[in-house]
Amino acid sequence: MLHKGSIKLNITQKLLIYILLACVVPLAFFGRMSYDKAKLNLQNEINKSSVYTMQEKQRQLEIIMEEVEGLIANLSSIEDIKAVLANNENGSTDFERLATQAKIGYLLSNFTNLKGLISIDIYSLKGEHYHVGDTLDVQEINIEAKNALYNEVLNSGKPVLWQGVEDNINLKSKNKKVIVVGKILKSLDLNTYTEKPIGLLIINYDLNVFYNQFSDANQETEFMILDRNNRIVYHPDQSRIGSIPDGELLKKINSNSSSFKANVEGESKLVYWDKSNKNSWTLLALISEQSISDKVQNIRINNAVFLSISFFFVLIFALVISKRIVGPIKKITNSFREIQEGTINFETRLQVTSDDEIGDLCNWFNEFIQGLEFKRKTELELRQAKEAAEAAVIAKSQFLANMSHEIRTPMNGIVGFIELLSQMPLEREQASYLTEIKASTDALLLLINEILDYSKIEAGMLLIETIPYNLHTLVEDVVSLFSPKAHGKGIEIISYIATGVPSEVTGDPGRLRQVLMNIIGNAVKFTDAGEVEIRVKLLQESNENVQLQFEIQDTGIGISAETKEKLFQVFMQADASTTRKYEGTGLGLAISKKIIELMGGKIDVISAPDQGSTFILTLELEKRQPDDQEQKYKLPKPENLDTLTVMIVDDNESNRMIFREYLGETGCRVITASDGVEGLGMLARLATETLPQIVLVDYMMPGLNGYEFAEQLLQDKRYKELRLILITSAAQKGDAKLAQTIGFSGYLSKPVRKRELIDVISGVVALEPREKMVNLITRHSMIEEHRLVKNIRILLVEDMVSNQRLEMIMLKKLGYSVDLATNGKQAVEICNTEKYQIILMDCQMPVMDGYEATAQIRRTSLMNRNTTVIAMTAHAMEGDREKCLEAGMDDYISKPITLAILEETLEKYLNGVTSDTF
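These figures come from a predicted structure and were not determined experimentally. (Residues numbered from 1 in each chain as written. Predicted model: local features only at pLDDT ≥ 70, side-chain atom pairs only at ≥ 80, totals over all residues. Heavy atoms only, no water.)

A. View of the pattern of salt bridges. Taken as a whole and assessed by the stated rule, the structure comprises 26 salt bridges. Between Arg 535 and Glu 551 there is a salt bridge; the shortest N-O distance is 2.6 Å. Taken as a pair, Arg 535 in strand β14 (residues 531-541) and Glu 551 in strand β15 (residues 545-554) lie far apart in primary sequence, 16 residues in all. Here Arg 535 falls in the buried class, since its relative accessible area comes to 12%. We note a salt bridge from Lys 754 to Glu 665, for which the minimum N-O separation is 3.3 Å. Taken together, the positions of Lys 754 in helix α21 (residues 754-766) and Glu 665 in the loop between α17 (653-664) and β19 (669-673) put the pair 89 residues apart, joining distant regions of the chain. Judged by its relative accessible area of 37%, Glu 665 falls in the partly exposed class. Residues joined in a network through salt bridges with shared partners are Glu 492, Asp 650, Asp 698 and Lys 750. (Salt bridge = Lys/Arg side-chain N within 4 Å of Asp/Glu carboxyl O. Helix = DSSP H or I, 4+ residues; strand = E, 2+ residues; numbered from the N terminus. Buried < 20%, exposed > 50% of the residue type's maximum accessible area, 1.4 Å probe, protein only.)

See below:
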């Protein structure tokens, strides 16, 4: 029976009271206990983690030390180095000293693959210095610091002294602070059987690399490493490296390892520390007590929140779900997280405690981790095999590049003297032999260049430079090179640069020339009839850039669809049989494709068997405005031709189109005829007042050739005022004189350049009537008219006798006055007394090399400080051009040097320059 006034509670309320009494109070009690226990456990875990972290960093430090000391041991064991350091003879020649430097440099360079290595320095007791590392300038060193280090290492009693953070002894190094490791190199005195010092070996290690080795330390722990002089080698705050830590902290470090509490920088911290047995460095782990309290405070707050939120769920579901479902799933989730982070132990297997879906999930995970372990081992083996293969390829490429450079030096003399000999009068049999020699030499040089480029590509060393150049001149020069070969095969070679294509651009002219020469050369080689046409078009234009399309179209043998798929692969050719008609290495197109891609462009081909081929290059270049100096070198603009009528008589439709486009840009009125008969008929139908003033006549045409056309035309007095210009692709010695005798006023050889065409027409128009039959206007006469290169003096700086003779002959053939200097020092002395317009500078010479000579001329010579200096060197590796330009040179020619290349380069700088131009 219920008493009156008693409280009546329903089941829900009773359950609530029961839970409050049975759960909340115990949970609150246990929450407090868990808080205290968590605080203790957290502190213990952080302490253990800190100790473990310090031990781990100790192992990392020992690994770095073992790598460096392994390097030192290897260097110390090289008897050649010891022999050089122990040698006290002072009678060595400069050449012997240089050879010794090179030999030890080569030995040291074999040990530069240590990660974090900045430099290796060896000093003999006589003060000789041998170095490899991040700088080539080791003339300036901190001698006082070097001597102090020597004494410390000598007196330390240790085989290897880990000195710690020091200033870099090499003052020109970009790494001013380094970790210094030193060792005294000794040799055995055979008289006393005692070791005596012979030199000092110094290893400079990168502080940044050292920092990155330890930068993954536990965020809860402040980790530091001190060197033997208590300077900070590692600290999470990288700016503190090299400084001295808190003095109170250093006072308590008085044994090999221990822990203590200390006030560090105003904060109470627990400090664990240990000393390295190998190098006497100190490792410290500092734990902030405040951070532990903060984390425990978070635990207490979280407990309270947990009690208030999970009140209705914990008692009913927590135990069952946690035990049977959540636990296994959490293990699997953590395992997948470890897989993602790369920290999984692949021998991990989950325990299967049930035969339901959770048990199946555990079984599946165990099979998955087993398969993943097998895959990881396979990938590791493949990666190791790949790295070994890449190392072999790079070594091979470097060898090929070095060999190619060594071959280029004697090739300079061979190519140059063959070119000079070919210009002399020879008997027919001798001339044929010389032609075969020249063809073989050209093929050998092409092969060397392709091997060099391919080796650079394989080694990842092929870089693209960005310099200003004239695109029109480059394209027309390349096409002109293949004109004799095309004529010899009886085919036309034509170039057309469309309106709107800028002449002044910025890019890599050498690489673009190489690609065009390769593709045009292939087009001429594989074409036996018809023509090869090179077209340059403007696709898009902005204020800064232009997108251009280069088309090289031929009427040759064509390419099958199957061959096109493999055309740009290395060593692939359209005909690889032993009976093949066309020779080649199969490298050219593969190299060309790689170069175009590095320049940001692309290359395609359209072709079919027996229907010719069209190679299409799409490339974006930067526009530029020529500076004042370049404007000075430009030829003057042609006279105004917009009132002129020009007739073109040519059987080749492409030539007629190109001439019409070029002359149309000047404002000329142009009429065309497809052969001589049609041309005579058209002229006969024209009224006298509408006759053209200029007639361009092709030499080789069906029906009437150019000479026959002119002879018939000039028989009619009605045409006596017409001025004829002969255009021929079969230029022979004496043709110009014959053309003048027949009545031509001008003469041009194909392929015709736009500027040459306009200049010759301007020159013919400007002739007085009485001069029309006396003076023959040619591109050479126009160039001579524009060039003011009179009494030009050139200084040739070259040490090799054969190259001196060859290059002086070439320069004198070009009509220049030449002085000779046999080394850089002599060149500097001559430049202080004589004025020159051009200095041709070899780079590698005795006494003083070309780089230092150029720098001194730029600094000290009043007469030649601003003179153009052009490097001529057999060094053709990537970076050699940049090295020349950095030394103060204006341009770069790689050997072997041909007369055409030399003439073209000198023309570039001498147009508009007189002998009194300073």
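Text resumes after the structure shown.
B. A look at the environment of Asp 842. Relative to the helices and strands, Asp 842 resides in the loop between β26 (838-841) and α25 (850-860). Looking at Asp 842, the relative accessible area reads 6%, which means it is buried. Spatially, the C-alpha atoms of Asp 842 and Glu 798 are 5.4 Å apart, while their sequence positions differ by 44 residues. Beyond its immediate chain neighbours, meaning those up to four positions away, Asp 842 contacts Val 797, Glu 798, Asp 799, Gly 850, Met 872, Thr 873 and Lys 895. (Contact = heavy atoms within 4.5 Å.)

C. Quick peek at the state of the cysteines. One pass over the full model with this rule turns up zero disulfides. Left without a disulfide partner, Cys 843 is nearest to the cysteine sulfur of Cys 884, which lies 3.8 Å away. Of the residues examined, Cys 843 reaches a relative accessible area of 1% and is grouped as buried. Given a relative accessible area of 0%, Cys 884 falls into the buried group. (Disulfide = S-S within 2.5 Å.)

D. Inspection of the side chain of Gln 58 at higher detail. You can see Gln 58 is positioned in helix α1 (residues 11-76). Residues contacting Gln 58, with those up to four places away along its chain left out, are Ser 276 and Leu 283.

E. Fine view of the confidence of the model for the protein chain. A residue-level look at the protein chain finds 75% of positions with pLDDT of 70 or above and a mean pLDDT of 77. In the predicted structure, residues 576-580 sits below a pLDDT of 50 and forms two contacts with residues beyond four places in sequence or in another chain. Here residues 912-918 is modelled with pLDDT under 50, and outside its nearest four sequence neighbours on either side it reaches 18 contacts, counting other chains as well. (pLDDT = per-residue confidence, 0-100.)

F. Region of interest: the sheet that holds strand β3 (residues 161-167). The five strands are arranged β2-β1-β5-β4-β3 in an open sheet whose pairing can be described as antiparallel. If you trace the sheet from one side to the other, it starts and ends with β2 (129-133) and β3, each paired once. Across the sheet, the mean angle separating the axes of adjacent strands is 25° when strand polarity is ignored. Note: strand β4 (residues 177-189) against strand β5 (residues 194-206), twelve bridges, orientation antiparallel. Note that in β5 the partner of Val 180 across the bridge is Asn 204. (Pairing = 2+ DSSP bridges. Axes fitted to C-alpha atoms, helices over the stretch in contact; angles between N-to-C directions.)

G. Fine view of the packing of helix α13 (residues 509-525) against helix α15 (residues 588-598). One can describe the packing of α13 onto α15 by two numbers: an axis separation of 10 Å at closest approach and a directional angle of 145°. Here the hand of the crossing between α13 and α15 comes out left-handed. Counting all contacts with α13, which are made through Arg 511, Gln 514, Val 515, Asn 518, Ile 519 and Asn 522, the residues of α15 involved are Gly 588, Leu 589, Ile 591, Ser 592, Ile 595 and Ile 596. Grouping the amino acids of the contact of α13 with α15 by side-chain chemistry returns six nonpolar, five polar and one charged. (Left-handed = near helix turned anticlockwise from the far one by under 90°. Nonpolar A, V, L, I, M, F, W, Y, C, P; charged D, E, K, R; others polar.)

H. Molecular detail of helix α24 (residues 824-831). Of the positions making up α24, those classed as buried are Gly 824, Ala 827, Val 828, Ile 830 and Cys 831. For α24, the arc enclosing every buried residue in end-on projection is 165°, short of the 170-degree limit, so these residues lie on one face. Looking at the buried residues of α24, the elements they touch are β24 (793-797), β25 (817-821), β26 and α25. (Arc of directions from axis to C-beta.)

I. Spatial organisation of the pairing of β15. Of all ten residues in β15, seven are buried; the element is thus mostly enclosed. Bridge count between β14 and β15: nine bridges; the pairing is antiparallel. Each bridged residue has a counterpart across the sheet, and for Gln 540 the counterpart in β15 is Gln 547. Where β14 hands over to β15, the hairpin turn is made up of three residues, counted between the paired strands. Direction of pairing for β15 relative to strand β17 (residues 613-623): antiparallel, over a ladder of nine bridges. Considered in β17, the bridge of Gln 547 is made with Glu 620.

J. Geometry of the environment of Ile 794. With respect to the helices, strands and loops of the structure, Ile 794 is situated in strand β24. Ile 794 gets classed as buried once you look at its relative accessible area, which sits at 0%. Aside from chain neighbours lying at most four places away, what touches Ile 794 is Leu 811, Tyr 816, Ser 817, Val 818, Asp 819, Tyr 836, Ile 838, Leu 840 and Leu 906.

K. Seen up close, the nonpolar core. Residues Val 475, Leu 516, Ile 520, Phe 550, Ile 552 and Leu 696 are the most contacted members of the largest nonpolar core, which totals 64 residues. For this core, the leading source of residues is α13, giving seven residues. With near-sequence residues (within four places) excluded, Leu 696 lies in contact with Val 646, Met 647, Ile 648, Val 649, Leu 663, Ile 725, Ile 727, Leu 757 and Ile 761. Ranked by size, the runner-up nonpolar core spans 49 residues in total, among them Leu 85, Leu 114, Leu 185 and Ile 241. (Core = buried A, V, L, I, M, F, W, Y, C linked by side-chain atoms within 4.5 Å.)

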